[in-house]
Amino acid sequence: VRNHGAGLVVLAGYMSLLKVPEDFTNRIINVHPALIPAFSGQGMFGQHVHEAVIQYGVKVTGATVHFVDDSYDHGPIIIQQAIPVNDQDTAETLAERVQALERKLYPKAIQMIAEGRVTVEGRTTGYDLKLIEFSEYGFLAHSKVPLPTQVWGEVIIQLGNEERSIVRAVAV
C-alpha cells in the first residue's frame, strides 16, 4: 500500500488485529456492525455481534465506521448511526438491516475524509454541524481529519440518485 502512495486504506469488515504503522495513524478505516464501544472487541464480528445484541435485549444497535488502531474496534469513531432492534428480529434479519446501514455509512465516511472534513485529536473527534443528519432513531455523528491529497485510481460512489467520484484509491 505504501509503495502505491496510499493516503487512505479502506478495509471492509477486516476481522484480524492489524499493527498500524505510525505513518498510517488515522489513515486506515474499517466498519463495525454495532455502535462501538458496545458489542465490539476481539471475537465480536458478523453474526456473533447480532446474536449478542439480541441476547442482551438492547433496544438499538447500528453501525460504526472508525479509524483503525492497534486494538480491536478501538480507533476514533468517524461516523455511526443507530437503528431499532425489533421484537421479531433474529440475528439474520438484524444483520441484513445493519449491513444496509453499513453500505450507507461507509461511502459517507470516505466522502467526508476525501473532502477534508474529518479531524481527530486523540480519541476525540469533532463534526461539522451542517453534515449531521437526524433520523427517527438518532443522528449520524460526523468527525473532522485532513489526510494527504495524493491520489491513486478513481472510486465511484453512488450517493442517492447521484453518482460521483469522491475519492481516489489503490486497489490492493
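### Comments concerning the confidence of the model for the chain
Taken as a whole, the chain shows an average pLDDT of 76; of its residues, 71% reach a score of 70 or greater. For the stretch residues 129-172, pLDDT sits under 50, and the model shows 107 contacts to residues farther than four places along the chain or on other chains.

### Let's talk about the sheet that holds strand E1 (residues 9-10)
Judged by pairing direction, the sheet is mixed, and its four strands sit side by side in the order E1-E2-E3-E4 without closing on themselves. Edge strands, defined here as strands with exactly one partner in the open sheet, are E1 and strand E4 (77-84). Relative to strand E2 (residues 28-32), E1 runs parallel, the two sharing two bridges. Across the sheet, Val9 pairs through a bridge with Ile28, a residue of E2. Contacts from helix H2 (residues 91-114) reach E1, E2, strand E3 (60-67) and E4 within the one sheet, and its direction differs from that of E4 by about 150°.

### Remarks on the nonpolar core
Ile28, Ile29, Val65, Phe67, Ile78, Ile79 and Ile113 are the most contacted members of the largest nonpolar core, which has 32 residues in total. Contributions of two or more residues to this core are made by E2, helix H1 (46-56), E3, E4 and H2. Among the elements that take part in this core, H2 stands out by supplying nine residues, more than any other.

Basis of the calculations
- Residues numbered from 1 in each chain as written.
- Predicted model: local features only at pLDDT ≥ 70, side-chain atom pairs only at ≥ 80, totals over all residues.
- Heavy atoms only, no water.
- pLDDT = per-residue confidence, 0-100.
- Contact = heavy atoms within 4.5 Å.
- Pairing = 2+ DSSP bridges.
- Helix = DSSP H or I, 4+ residues; strand = E, 2+ residues; numbered from the N terminus.
- Axes fitted to C-alpha atoms, helices over the stretch in contact; angles between N-to-C directions.
- Core = buried A, V, L, I, M, F, W, Y, C linked by side-chain atoms within 4.5 Å.
- Buried < 20%, exposed > 50% of the residue type's maximum accessible area, 1.4 Å probe, protein only.

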